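Take a look at the letters that make up each chain.
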Amino acid sequence: MAQEMLQLCRAIPKHPSKMLKRLAPKEAPRYRTTSKNGNQLVFLQQAVKSQLVREGRDPREDRLRQLVKKCGISFSHLSLNGPNLVVAPHRDGKNAGESSHICFLGDFEGGELNLEDGTVLADKYVWHRFDGKRLLHWNSETRGEKWALVAYHTKESLLAPQAKERGEPTPA
């Protein structure tokens, strides 16, 4: 199953996305914009190293989501990071609940996920659980080909079933 997951990571079409500056290499092209609350944000112009794996967009994405669910991981959102994405220290502001799950795939050295409490997650082809919302985390430089799958819930996804039961509109 792990090899199939790795092959899917390589095969899934990469969709252009915007990533915050703090997650991007210094030499990447950027543009500035202002958020709804007036904060200045700096985005990459053409980052494709991290993307959500969405249901119904591509059969390979659907299959990857199925494989992650077969591993017993509960999630509403699945992020495909790679190849070789290096992130600066950050917290995952949109995550809800106490845990995210991450799995490293590929033939690589380095790339450990470091947590501010001193924990280092490094084992390949294993699902690691960590609190990405509360704990500052970052990863080390990587040599080789490294992909990471990050599974997590958002606040909206946890509230949607309750809202639906009450007959309220739910986020799309």
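The next thing to look at is the overall build of the protein. Along its length, the protein carries three helices and 12 strands. Residue pairs at least 24 apart in sequence account for 69% of intrachain contacts in the protein once pairs closer than 6 positions are excluded. Entry remark: accessible area of the protein is about 10100 Å², with carbon and sulfur atoms responsible for 51%.

Turning to the sheet that holds strand 12 (residues 147-154), a few remarks are in order. The sheet built from five strands is open, its strands ordered 3-4-12-5-9 with antiparallel pairing. Of all strands in the sheet, those bounded by a partner on one side alone are strand 3 (50-52) and strand 9 (127-130). In this sheet, adjacent strand axes meet at a mean angle of 25 degrees when their direction is disregarded. Across three bridges, the pairing between strand 3 and strand 4 (residues 77-81) is antiparallel. In the sheet register, Leu-52 faces strand 4, and the bridge partner there is Ser-79. Sheet contacts for helix 2 (residues 59-70): strand 3, strand 4, strand 9 and strand 12; angle to strand 4, the most-contacted strand, approximately 110 degrees.

This part is about the pairing of strand 5 (residues 95-105). Judged by how many residues are buried, strand 5 sits mostly within the fold: eight of 11 residues are covered. Here strand 5 runs beside strand 12; their pairing, made up of seven bridges, is antiparallel. Counted as the bridge partner of Ile-102 is Val-150 from strand 12. The pairing of strand 5 with strand 9 spans four bridges and is classified as antiparallel. Across the sheet, the residue bridging to Ile-102 is His-128, located in strand 9.

Between two packed helices, what matters for the description is the angle formed by their axes and the separation of those axes. It is at 10 Å that the axes of helix 1 (residues 2-11) and helix 2 come closest, and there the two elements cross at 150 degrees. Between helix 1 and helix 2, the angle falls in the class roughly antiparallel. Along this stretch, helix 1 crosses helix 2, giving a crossing that reads as left-handed. Taking contact as the criterion, the partners of Glu-4, Met-5, Leu-8, Cys-9 and Ala-11 in helix 1 are, on helix 2, Arg-60, Arg-63, Leu-64, Leu-67 and Val-68. Considering only residue class, the contact of helix 1 with helix 2 consists of seven nonpolar, no polar and three charged.

Calculation rules
- Residues numbered from 1 in each chain as written.
- Predicted model: local features only at pLDDT ≥ 70, side-chain atom pairs only at ≥ 80, totals over all residues.
- Heavy atoms only, no water.
- Helix = DSSP H or I, 4+ residues; strand = E, 2+ residues; numbered from the N terminus.
- Contact = heavy atoms within 4.5 Å.
- Areas by Shrake-Rupley, 256 points an atom, 1.4 Å probe, with all protein chains shown as cover.
- Pairing = 2+ DSSP bridges.
- Axes fitted to C-alpha atoms, helices over the stretch in contact; angles between N-to-C directions.
- Buried < 20%, exposed > 50% of the residue type's maximum accessible area, 1.4 Å probe, protein only.
- Parallel < 35°, antiparallel > 145°, perpendicular 65-115°, else oblique.
- Left-handed = near helix turned anticlockwise from the far one by under 90°.
- Nonpolar A, V, L, I, M, F, W, Y, C, P; charged D, E, K, R; others polar.

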